[in-house]
Amino acid sequence: MRDFYGETLQTPMMLGTARFPSPTMMEAAFRSSGASVATVSLRRERGAGQAFWEMVRGLGVHLLPNTAGCHSAREAITTAQMAREYFGTDWIKLEVIGHADTLQPDPFGLLEAAEALCADGFKVFPYTTEDQVLAARLIDAGCRVLMPWGAPIGSGMGLNNIHGLRTLRAAFPDVAMVVDAGLGLPSHAAQAMELGFDAILLNTAVAEAEDPPTMARAFALAAEAGALARTSGPMIARDMAVPSTPVIGKAWL
Amino acid sequence: MQQVTWGIWFMKIEVNGEQQAVTATHLHEALAELGWGEARVATALNGSFVPAATRGATQLSPGDRLEVLTAMQGG
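Position numbers for residues start from 1 in each chain and track the written sequence from start to end. Lettering of chains starts at A and numbering of ligands starts at 1, both following the order in which they are written. Residue-level local features of this predicted model are given only where pLDDT is at least 70; pairs of side-chain atoms are given and counted only at 80 or more, and the full residue set underlies all totals for whole chains, interfaces and linings. Side-chain metrics in this entry use all non-hydrogen atoms of the structure; hydrogen atoms and water are not considered.

Q: Describe the overall build of chain A, with residues and values.
A: Secondary structure elements follow DSSP: runs of H or I of four or more residues count as helices, runs of E of two or more count as strands, with numbering from the N terminus. When you go through chain A residue by residue, the secondary structure sums to nine helices and eight strands. Only C-alpha atoms enter the radius of gyration, while the globule expectation follows 2.2 Å times N to the 0.38, with N the number of residues. Here the C-alpha radius of gyration of chain A, 20 Å, is about what a compact globule of 253 residues would show, namely 18 Å. Across its three principal directions, the C-alpha atoms of chain A cover 80 × 40 × 35 Å. Relative accessible area decides the class of each residue, using a 1.4 Å probe on protein chains only: under 20% of the type maximum gives buried, over 50% gives exposed, and in between gives partly exposed. The 253 residues of chain A split such that 51% are buried. Should any heavy atoms of two residues lie within 4.5 Å, those residues are considered in contact. A fraction of 67% describes how many contacts in chain A between residues 6 or more apart in sequence connect residues 24 or more apart. Element-wise, carbon and sulfur atoms account for 55% of the exposed surface of chain A, whose accessible area totals about 12100 Å². Counting 19 positive and 26 negative side-chain charges, chain A places the averaged centre of each group 3 Å from the other. Surface accessibility follows the Shrake-Rupley procedure with a 1.4 Å probe radius. Residue values consider only the protein chains on display as shielding. Only four residue types enter the charge count, namely Lys and Arg as positive and Asp and Glu as negative; His and the chain termini do not. Think of each charge as sitting on NZ of Lys, CZ of Arg, CG of Asp or CD of Glu.

Printed below as a string of structure tokens:
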């Protein structure tokens, strides 16, 4: 069982806190899914921050602050330092965005920020692609968790590059990995867990569902199903049919 | 720059992207003056993090860019 910087998660589901129709819906989604990690951010204080802080603290889950919206290593590093003090955790979901339309990570800025933050004692959860070379560099920098995307953030497309994700999973068997971003349906979550990922992180697919708490529960069940499948030795797919009912003993009619 | 209004010294700084005039000379006093004396916030001055413990010793200069951040929803 791979851990997350020494922490074992109760469930393999991490849930974002944004875009919910109401705070009550958000809390209900955490309760119904049993999500073990909540992602949060830091924004300019306009009056609502204190109440939100009290609410997320009350969820009783691990908090994973992000550096969402940062487009340079410098911005991301400063945001991470502020988040560490505010949220009282050295966990940081490191996002350094390289393109405004795809929200694709900037691999160069990401690595630069990861090196600086790991050296400064942060436990970095880098939002990355399935690129194996970048992954190796992030691990060299000190990252013990990787968060490859399934598809662009908020797209709901699922796992865009199964081959790349499978290769990444196989290349670093000791590193905890979370499929972050792009999940749209519970079947995507099951697929990620079947591939051997350790957790999923999602937000929009739950928050923008008609019934967020029920959708959150559906994702949690799918993630659990995928994890059970992974550990129970799936059969190997074949090209030809193989009868499941024995042929021997069939009547001659 | 530093200016006098009704006999009080004000300093113009940028707070969360908006111009503000403060009488404070140090960051912790400025936060109190801006209404964040008791609030849980994280601060950055001119793009660099200022830990809560060093706000008292952090001097402000005219034109400084202050960011005052708090918890918000995130994915």
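Q: Describe the state of the cysteines, and please don't skip the residues or the numbers.
A: All names here are of chain A. Disulfides are defined in this document as cysteine sulfur pairs within 2.5 Å. This structure, assessed with the given rule, holds zero disulfides over all chains. Note on C70: no disulfide assigned, nearest cysteine sulfur contributed by C143 at a separation of 16 Å. Cysteine C118 is unpaired, with the sulfur of C143 as its nearest cysteine sulfur at 4.0 Å. Look at C118 and you get buried, because its relative accessible area is 15%.

Q: Which residues make up the UniProt feature "binding site: 1-deoxy-D-xylulose 5-phosphate" (unreviewed entry) in chain A, and what values do they have?
A: All names here are of chain A. UniProt positions are given in the numbering used here, feature names are shortened, and annotations may be inferred rather than shown by experiment. In the numbering adopted here, UniProt assigns the feature "binding site: 1-deoxy-D-xylulose 5-phosphate" (unreviewed entry) to G154, A181, G182, N203 and T204. Considering the C-alpha atoms alone, the annotated residues occupy 51 residues of sequence yet fold into one spot, their largest mutual distance being 9.2 Å. Here G154 shows up in the loop between β6 (145-148) and α6 (162-171). Other than its neighbours up to four places away in sequence, G154 contacts G182 and T204. Within the fold, G182 resides in the loop between β7 (176-180) and α7 (186-194). Dropping the residues within four chain positions of it, G182 is found in contact with A151, P152, I153, G154, S155, G156, M157 and G158.

Q: Give me the lowdown on the packing of aromatic side chains, citing residues and values where you can.
A: Residues and elements named next belong to chain A. Aromatic rings from Phe, Tyr and Trp, with only the six-membered ring used for Trp, were paired whenever their centres fell within 6.5 Å, and each pair was classed as stacked if the ring planes differed by under 30 degrees, edge-to-face if by over 60, and tilted otherwise. By the definition in use, this model includes five aromatic pairs over all chains. Note on W91 and F125: the rings are 4.8 Å apart at their centroids and 45 degrees apart in plane angle, and the pair reads as tilted. Placement of the pair is W91 in strand β4 (residues 91-94) and F125 in strand β5 (residues 123-128), with a sequence separation of 34 residues. W91 gets classed as buried once you look at its relative accessible area, which sits at 6%. By the ring-pair criterion, three or more aromatic residues cluster together here, those being Y5, W91 and F125. In this structure, R84 is placed above the aromatic ring of F122, and the distance from its NZ or CZ to the ring centre is 3.8 Å. Only Lys NZ and Arg CZ are tested; either one counts as a charge over a ring when it is within 6 Å of the ring centre and within 35 degrees of the ring normal. Here the basic side chain of R169 rests over the ring of F197, its NZ or CZ set 6.0 Å away from the ring centre.

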